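# Tertiary structure, described
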Amino acid sequence: MKSWGMANRPAPALMLRPGDREKLERMTRSQSMSAGMVQRARIVLLASEGRRNSEIAELAGASRPKVNLWRSRYEDKGIAGLADEKRSGRPRTIDHAEIVTATLMPPPKSLGVTHWSSRLLAARLKVSASTVVTAWRAYGIKPWRAESFRFSTDPELVGKVTDICGLYLAPPENAIVLCVDEKSQIQALDRTQPILPMQPGLIERRSHDYVRHGTSTLFAALDIATGQVTAALKPRHRNQEFLAFLKQIERAYRDVVDADGQPVELHLVMDNYAAHKHANVKAWLADNPRFKIHFTPTHASWMNLVEVWFGIVERQA
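These notes cover the structure that comes with them. Values in this document were obtained by computation on a predicted structure and should not be read as measured data. (Residues numbered from 1 in each chain as written. Predicted model: local features only at pLDDT ≥ 70, side-chain atom pairs only at ≥ 80, totals over all residues. Heavy atoms only, no water.)

## So, the sheet that holds strand E2 (residues 210-223)
On the basis of which strands lie adjacent, the open sheet formed by five strands has the order E3-E2-E1-E4-E5 and mixed pairing. Every other strand in the sheet has two partners, leaving strand E3 (229-234) and strand E5 (291-295) as the edge strands with one partner each. The sheet shows a mean angle of 25° between the axes of neighbouring strands, taken without regard to direction. Of the pairings in the sheet, the one linking strand E1 (residues 175-191) to E2 comprises 11 bridges and is antiparallel in character. (Pairing = 2+ DSSP bridges. Helix = DSSP H or I, 4+ residues; strand = E, 2+ residues; numbered from the N terminus. Axes fitted to C-alpha atoms, helices over the stretch in contact; angles between N-to-C directions.)

Structure (structure tokens):
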């Protein structure tokens, strides 16, 4: 390997092979190529401009020995010289596919666990735990994580999804779309000792024990156009409380009228909770045709945008 960039002696400009400049420039802009290859291509391009090795190292984020290495490799073999050479030493004897296959099989009942850990599987396969972790990382295996799912059994699934998505994407003219739901079983807890506030170097601290003060239900109606939320706290979660909240919504939007002075329609997106379909609620809605109800599919209440607001409230308060 040649040694470029002796003290007080700038390295000569690196001569590029015909057509290589365009290829190297494409390599530096590539989104799929490894970061190492992108860096090597950048080193060669900077070297072709006659820059000092110290300057190239700073611009490319590399050491000077690395700059010398890739200059020499390109000069000897061209772009092909920038690829990694085969590593020395004996080839890997542990098959990652075997580790992944064992991971996907349930652990034996004698272990008393439902998912493999790296140490349990390593002991089973007679390899190191770091080897197991390396295989998992290479194949994107994460035995410690799980997600839940549920299929909707609603026979009108497609129609309801189309209806609600249509309300979100193209709301009716002279109408307001409100996403309505309740967050029930909110526990009113009080700590037995005052909370110690956050300080530099210390997180907020609170006593482990607490006193219960019952539960509360948060009713909310989210206006998807403005983000305005009409909300109410109720001690219980029945059709009486829901009906009272509907009347609160009616009062909140009573003065919203169209160009002809007529009250605009209120389109409510709700789930299939029993209180929403109670006879008292149906009778009141029949007497107030201004309200248009859109039910989410069964087991698909996540389509209700007010759930996003509930999530924000839960995280922040």
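Read on for the rest.
## Here's the deal with helix H4 (residues 64-77)
Note on helix geometry: an α-helix contains 3.6 residues per turn, so any two residues three or four positions apart are oriented the same way. The terminal C-alpha atoms of H4 lie 20 Å apart, and with 14 residues this matches the ideal 20 Å at 1.5 Å per residue to within 8%. At its buried positions, H4 is contacted by helix H1 (20-29), helix H2 (35-48) and helix H3 (53-60). One or two steps after H4, the chain reaches Gly78, where phi turns positive at roughly 75°. (Expected span 1.5 Å × (residues − 1). Contact = heavy atoms within 4.5 Å.)

## Structural notes on the layout of surface pockets
The rolling of a water-molecule-sized probe over the atoms marks out the regions of remaining empty space. The computed volume of the largest pocket comes to approximately 190 Å³. Together, Lys183, Ile186, Ser216, Leu218, Leu233, Val313, Glu314 and Ala317 line the largest pocket. Contributing elements (two or more residues each) for the lining of the largest pocket: E1, E2 and helix H11 (306-316). Taken together, the residues of the lining of the largest pocket break down into five nonpolar, one polar and two charged. (1 Å grid on protein atoms, 1.4 Å probe; cavity = no way out; pocket = protein on both sides within 12 Å on 5 of 7 lines; lining within 4 Å. Points joined across faces, edges and corners; volume = space filled by probe spheres on them. Nonpolar A, V, L, I, M, F, W, Y, C, P; charged D, E, K, R; others polar.)

## Concerning H1
The complete set of buried residues in H1 reads Asp20, Leu24 and Met27. All buried residues of H1 lie within an arc of 55° about the axis, which places them on one face of the element. Of the surrounding elements, those touching the buried residues of H1 are H2 and H4. (Buried < 20%, exposed > 50% of the residue type's maximum accessible area, 1.4 Å probe, protein only. Arc of directions from axis to C-beta.)

## Topic: the side chain of Arg290
Within the secondary structure, Arg290 is located in the loop between helix H10 (279-287) and E5. No salt bridge is formed by the buried Arg290; the nearest opposite charge belongs to Glu250, separated by 4.3 Å. Once you skip the residues sitting within four places of it in the chain, Arg290 turns out to touch Glu250, Tyr253, Arg254, Val256, Pro263, Val264, Glu265 and Leu266. (Lys, Arg positive; Asp, Glu negative; His and termini not counted. Salt bridge = Lys/Arg side-chain N within 4 Å of Asp/Glu carboxyl O.)

## As for the pattern of salt bridges
The tally for this structure, following the rule as stated, stands at eight salt bridges. Asp154 is the partner of Lys160 in a salt bridge, and the nearest nitrogen-oxygen pair spans 2.8 Å. Each of the salt bridges in this network shares a partner with another, and the network as a whole consists of Glu49, Arg51 and Glu55.

## With respect to the nonpolar core
Counting 20 residues, the largest nonpolar core has Val180, Leu246, Ile249 and Leu268 as its most contacted members. Listed by contribution, the elements that provide at least two residues to this core are E1, E2, helix H9 (239-252), strand E4 (265-270) and H10. Residue contributions to this core peak at five residues, all from H9. Every residue in contact with Leu268, bar those within four places of it in the chain, is listed here: Leu178, Val180, Leu246, Phe291, Lys292, Ile293 and His294. Core analysis: the second largest hydrophobic core is formed by 19 residues, Leu24, Ala41, Tyr74 and Leu82 among them. (Core = buried A, V, L, I, M, F, W, Y, C linked by side-chain atoms within 4.5 Å.)

## Quick notes on the packing of H1 against H2
Two numbers describe how H1 lies on H2: the axes approach to 8 Å, and their chain directions differ by 135°. Here H1 is positioned oblique relative to H2, judged by the angle of their axes. Read as a crossing pair, H1 and H2 show a hand that is left-handed. Along the contact surface, H1 presents Arg21, Leu24, Glu25, Met27 and Thr28, while H2 presents Met37, Val38, Ala41, Arg42, Val44, Leu45 and Ser48. Looking at the contact of H1 with H2 residue by residue, the class counts come to seven nonpolar, two polar and three charged. (Parallel < 35°, antiparallel > 145°, perpendicular 65-115°, else oblique. Left-handed = near helix turned anticlockwise from the far one by under 90°.)

## Here's the deal with the pairing of E3
Taking every second residue as pointing to the same face, the buried face of E3 carries Thr230, Ala232 and Lys234, while none of Val229, Ala231 and Leu233 on the other face is buried. Of the pairings in the sheet, the one linking E2 to E3 comprises six bridges and is antiparallel in character. Opposite Ala220, over in E3, you have Ala231 as the bridge partner. Where E2 hands over to E3, the hairpin turn is made up of five residues, of which Gly227 adopts a positive phi near 80°.

## Some thoughts on the packing of helix H5 (residues 96-104) against helix H7 (residues 129-139)
Between H5 and H7, the least distance of the axes is 9 Å, while the angle of their chain directions is 85°. The angle between the axes of H5 and H7 places the two elements in the roughly perpendicular class. Between H5 and H7, the contacting residues are His96, Ala97, Ile99, Val100 and Thr103 on the first element and Thr131, Val132, Thr134, Ala135, Trp136, Ala138 and Tyr139 on the second. Of the residues belonging to the contact of H5 with H7, the class tally is eight nonpolar, four polar and no charged.

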